[in-house]
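Results of the structural survey
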Amino acid sequence: MKAIASRTCLSLLLTSILVGVATPQEGDATKPALPKQAYDAIGRFKIPSGFTASLWAAEPDLANPVAFCFDSLGRMYVAETFRQETEGVPDNRSHRYWLEDDLRLQTVEQRGEMYLMHHPEYATEWTDKEDRISILQDLDGDGVVDISGVFAGGFTDLLDGTGAGVWAWGKDVWYTCIPNLWKLTDEDQDGVADAREVVHHGYGVRVAFRGHDMHGLVLGPDGRLYFSIGDRGYNVV
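Residues numbered from 1 in each chain as written. Predicted model: local features only at pLDDT ≥ 70, side-chain atom pairs only at ≥ 80, totals over all residues. Heavy atoms only, no water.

1. Brief notes about the nonpolar core
In terms of nonpolar packing, the biggest core is built from 17 residues, with Tyr-77, Ile-133, Phe-151, Val-166, Val-173, Tyr-175 and Leu-184 touching the most fellow members. Going through the elements one at a time, β3 (65–70), β4 (76–80), β5 (131–137), β6 (147–155), β7 (163–169), β8 (172–177) and β9 (180–185) are the ones with two or more residues in this core. Those residues within four positions of Leu-184 in sequence are excluded, and the remaining contacts are Ile-133, Phe-151, Ala-152, Phe-155, Lys-171, Asp-172, Val-173, Tyr-175, Ala-193, Ala-195 and Arg-196. Among the nonpolar cores identified, the runner-up in size contains eleven residues, and Trp-98, Leu-105, Tyr-122 and Leu-159 belong to it. (Core = buried A, V, L, I, M, F, W, Y, C linked by side-chain atoms within 4.5 Å. Buried < 20%, exposed > 50% of the residue type's maximum accessible area, 1.4 Å probe, protein only. Helix = DSSP H or I, 4+ residues; strand = E, 2+ residues; numbered from the N terminus. Contact = heavy atoms within 4.5 Å.)

2. Quick notes on unusual backbone geometry
Put simply, Glu-59 and Pro-60 share a cis peptide bond, and its omega is 10°. Positionally, Pro-60 belongs in the loop between β2 (52–55) and β3. Phi at Asn-64 is positive, roughly 50°, even though this residue is not glycine. Mapped onto the secondary structure, Asn-64 falls in the loop between β2 and β3.

3. Concerning the sheet that holds strand β10 (residues 195–201)
Pairing within the open sheet is antiparallel, and its four strands lie in the order β7-β8-β9-β10. Sheet topology places β7 and β10 at the edges, where each strand pairs with a single neighbour. Averaged over neighbouring strand pairs, the angle between their axes works out to 20° when direction is ignored. One ladder, built from six bridges, connects β8 with β9; its direction is antiparallel. Following the sheet pairing, Val-173 is matched in β9 by Leu-184. (Pairing = 2+ DSSP bridges. Axes fitted to C-alpha atoms, helices over the stretch in contact; angles between N-to-C directions.)

4. As for the packing of aromatic side chains
Scanning all chains against the criterion turns up eleven aromatic pairs. An aromatic cluster of three or more residues is present, and its members are Tyr-97, Trp-98, Tyr-115, Tyr-122 and Trp-126. Arg-93 extends its terminal NZ or CZ atom over the ring of Phe-209, reaching a point 3.9 Å from the ring centre. (Phe/Tyr/Trp six-rings, centres within 6.5 Å; stacked < 30°, edge-to-face > 60°. Lys NZ or Arg CZ within 6 Å of the ring centre and 35° of its normal.)

5. A short note on the pattern of salt bridges
Counted by the stated rule, this structure contains eleven salt bridges. The shortest N-O distance in the salt bridge between Glu-80 and Arg-132 comes to 2.7 Å. Here Glu-80 is found in strand β4, whereas its partner Arg-132 is found in strand β5, with 52 residues between them in sequence. For Asp-128, the salt bridge is made with Lys-129, and the minimal N-O distance between the two is 3.9 Å. Overall, the relative accessible area of 49% leaves Asp-128 in the partly exposed class. Overlapping salt bridges bring together Glu-80, Glu-130 and Arg-132 as one network. (Salt bridge = Lys/Arg side-chain N within 4 Å of Asp/Glu carboxyl O.)

6. Topic: the environment of Glu-85
As for its position among the elements, Glu-85 is in the loop between β4 and α3 (99–103). Of the residues examined, Glu-85 reaches a relative accessible area of 18% and is grouped as buried. Residues Glu-85 and Arg-210, spaced 125 residues apart in sequence, show a C-alpha to C-alpha distance of 7.5 Å. For Glu-85, the contacting residues outside a window of four places in its chain are Pro-90, Asp-91, Ser-94, His-95, Trp-126 and Arg-210.

7. Description of the side chain of Arg-111
By the secondary structure assignment, Arg-111 is in helix α4 (residues 108–118). For the buried Arg-111, which has no salt bridge, the nearest side chain bearing the opposite charge is Asp-102, at an N-O separation of 6.4 Å. Side chain to side chain, Arg-111 and Tyr-115 meet in a polar contact 2.9 Å long. Side-chain polar atoms of Arg-111 contact the backbone oxygen of Leu-159, separated by 2.9 Å. Excluding anything up to four places from it in sequence, Arg-111 contacts Leu-105, Leu-158, Leu-159, Ile-178, Tyr-203, Gly-204, Val-205, Arg-206, Val-207 and Arg-232. (Lys, Arg positive; Asp, Glu negative; His and termini not counted. Polar contact = N/O pair within 3.5 Å; in protein donor to acceptor, adjacent residues only side chain to side chain.)

Written out as structure tokens, the structure is:
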């Protein structure tokens, strides 16, 4: 069920508004065929009159998308998660026994201590999967992704939440992944982050419901960066 939901979400998020509906037989024969299941998902969309949809990207170019944005070069950055529920990002509804402990937390570090008090095995079990940012590009402008790769990966810390917000601006890509607001810099513009900086730390003191994370990154007209935080609390200096 989880895999089906992910594939449907993937197709929905990465659908372009175009003149015609592409089929698996159309396009450059030298390119790998996109999954038929992704095309089939388009048939279940409710598309407004006057619009049609075509598939721009699917597995294996990306997986488990949470958020995406484009930079000035037309490259797409996709926040991907591989750590949901049993892999590192918990939900209080599955861990009701620690609710009172959770409510007493005052810092992000205390949340990590609570995890290990109840489950010492989480030190390894919850740090072997990553959240990451992938980068995709349509080089020839035919409406299908040509190349993809990992812009920044390795977000595996026990305290890390879901990487749920991404925003590209110049050489910098901003990324919200509890407990941090990250600035990732690609100095040579080769599609791989060269430097990482934690700008803010301390978001997500408590567990709450899965998905109540840091997200919605956007640059405001005043030049300031805005994002939201769910009911997980924060302790930020």
